[in-house]
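Descriptive structure summary
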Amino acid sequence: MREPKLREIDHRVFLRRLNPILEVYAAAMRPPREQLPGRYTIMQRHASYAGFRAFVAERRGPLPGLNGSVRGFAYGFHGGAGQWWHDVVRQALAAAGGDEHAAAWMDDAFEVAELHVHPDHQGQGLGRALLNALCEGRSERTAVLSTLDTPPDSPARNLYRSVGMIDLLTDFEFPGGGPRYAVMGTTLPLTRRR
């Protein structure tokens, strides 16, 4: 089996590859199956946002140009008013630290919307490689994301801390309920330590 390779894809390829991308999301997050159509719609919408950027980690096929299955993916975009996650987080940051605090983190932010590696391929550095590639060369001042809050020393939280991200909000519940999240952020470029 060949090692997974990272490949940047534009919004058109992202939409064409959305089914295998969603399969990785489902394997990593294990949501109820009935939630997947809604997640598919959200991902479609995200692909239309300004500054959209996406990477996939794929096992290359046996012939040049033939791509194998998706092992991991990451995407994000320039956050802005009118986007659900952006507006909810900006309001929560303002409530926690004031409007200036919220503006410092959210007014020129690259929002890392999704970063997932299939469980069979975790622990091999794919998440770090995807995150670094995704944020490389971005013009935004900050990068922000949300991740499950517990456990606080999860591999995801440790990865984000290792590139300079700090907790902006913890034990945060998005409208509609569900698990608690941590919202994390850093200034760009990312720290390049292991």
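Let me begin by describing the structure that accompanies this report. Treat the numbers as computed from the prediction; the structure is a model and nothing was measured. Once a new chain begins, its residue numbering starts again from 1 and follows that chain's sequence as written. Reporting in this predicted model follows two pLDDT cut-offs: at least 70 for local features of residues, and 80 or more for side-chain atom pairs to be given and counted; totals over whole chains, interfaces and linings ignore these cut-offs and use all residues. To get the side-chain values, all heavy atoms of the structure are used, and hydrogens and water are removed first.

As a further point, take the overall build of the chain. In this text, helices come from DSSP runs of H or I with a minimum length of four residues, and strands from runs of E with a minimum of two, each type numbered from the N-terminal end. Across its full length, the chain carries seven helices and seven strands. Helices and strands in the chain line up, N terminus first, as β-α-α-α-β-β-α-α-β-α-β-α-β-β. The dimensions of the chain, computed from C-alpha atoms along their principal axes, are 55 × 40 × 35 Å. Considering the chain as a whole, with its 194 residues, one finds that 47% of them fall into the buried category. By definition, residues are in contact when any of their heavy atoms lie within 4.5 Å. Considering only intrachain contacts with a sequence separation of at least 6, the fraction spanning at least 24 residues in the chain is 67%. A total accessible area of about 10,000 Å² is found for the chain, and carbon and sulfur atoms account for 50% of it. Two residue types count as positive, namely Lys and Arg, and two as negative, namely Asp and Glu; His and chain ends fall outside the count. Every charge is mapped onto a representative atom, which is NZ of Lys, CZ of Arg, CG of Asp or CD of Glu. Charge-centre separation for the chain: the mean point of 24 positive side chains lies 9 Å from the mean point of 21 negative side chains. Note on classification: 1.4 Å probe, protein chains only; a residue is buried when its accessible area is under 20% of the maximum for its type, exposed when over 50%, partly exposed between these limits. Areas reported here follow the Shrake-Rupley algorithm with a probe of radius 1.4 Å; residue values treat only the protein chains shown as occluding.

Stacked, edge-to-face and tilted are the three classes for Phe, Tyr and Trp ring pairs, Trp counted by its six-membered ring, which pair at centre distances within 6.5 Å; planes under 30 degrees apart are stacked, over 60 edge-to-face, the rest tilted. Applying the stated criterion across every chain, the model contains eight aromatic pairs. Ring geometry for Y49 and F77: centres 4.8 Å apart, planes at 85°, overall edge-to-face. One end of the pair, Y49, is in the loop between α3 (36-46) and β2 (53-60); the other, F77, is in strand β3 (residues 67-78), and 28 residues separate them in sequence. Take Y49: its relative accessible area is 18%, and that puts it in the buried class. Of the residues examined, F77 reaches a relative accessible area of 3% and is grouped as buried. For the ring pair F172 and F174, a centre distance of 4.9 Å and an interplane angle of 85° mean the geometry is edge-to-face. Taken as a pair, F172 and F174 share a single burial class, namely buried. Following the ring pairs from residue to residue traces out a cluster consisting of F14, F52, F73 and Y75.

Attention now goes to the pattern of salt bridges. The salt bridge definition used is simple: a Lys or Arg side-chain nitrogen within 4 Å of an Asp or Glu carboxyl oxygen. If you walk through the whole model with that rule in mind, you get 11 salt bridges. Note that R90 is salt-bridged to D107, the shortest N-O span being 2.9 Å. Placement of the pair is R90 in helix α4 (residues 84-97) and D107 in the loop between α5 (99-106) and β4 (109-117), with a sequence separation of 17 residues. Given the relative accessible area of 25%, R90 is considered partly exposed. Beyond isolated ion pairs, a larger network of salt bridges with shared partners links R7, R17 and E58.

For the rest of this paragraph, the subject is α4. Multiplying 1.5 Å by the helix residue count minus one yields the expected span of that helix. With 14 residues, α4 ought to run about 20 Å at 1.5 Å a step, and its terminal C-alpha atoms sit 20 Å apart, in line with that. For α4, every residue scored as buried is listed here: W85, H86, V88, V89, A92, L93 and A94. Its buried side turned inward, α4 meets α5, β4, β5 (142-148), β6 (166-172) and β7 (181-187). A positive phi of about 100° marks G98, the residue just after α4.

Right, let's get into the packing of helix α6 (residues 126-135) against helix α7 (residues 155-162). Two measures define how a pair of helices packs: the angle their axes make with one another and the distance between the axes. Viewed as axis vectors pointing N to C, α6 and α7 meet at an angle of 40°, and their least axial separation amounts to 11 Å. In terms of orientation, α6 lies oblique with respect to α7. In this structure, α6 crosses over α7, and the sense of that crossing is right-handed. Residues G127, R128 and L131 of α6 form the contact with α7, whose participating residues are L159, Y160 and S162. Under the scheme applied, nonpolar residues are Ala, Val, Leu, Ile, Met, Phe, Trp, Tyr, Cys and Pro; charged residues are Asp, Glu, Lys and Arg; polar residues are all the others, including Gly. Here the contact of α6 with α7 is built from residues that sort into three nonpolar, two polar and one charged. In this description, a line fitted to the C-alpha atoms serves as the axis of each element, helices being fitted only across the stretch in contact, and the angle between N-to-C directions of two axes falls anywhere from 0 to 180 degrees. To sort the angles, those under 35 degrees are grouped as roughly parallel, those over 145 as roughly antiparallel, those from 65 to 115 as roughly perpendicular, and the leftovers as oblique. Working rule for handedness: look at the near helix, and if it is turned counterclockwise from the far one by less than a right angle, call the crossing left-handed; if clockwise, right-handed.

Purely spatial values, then, with no claim about function.
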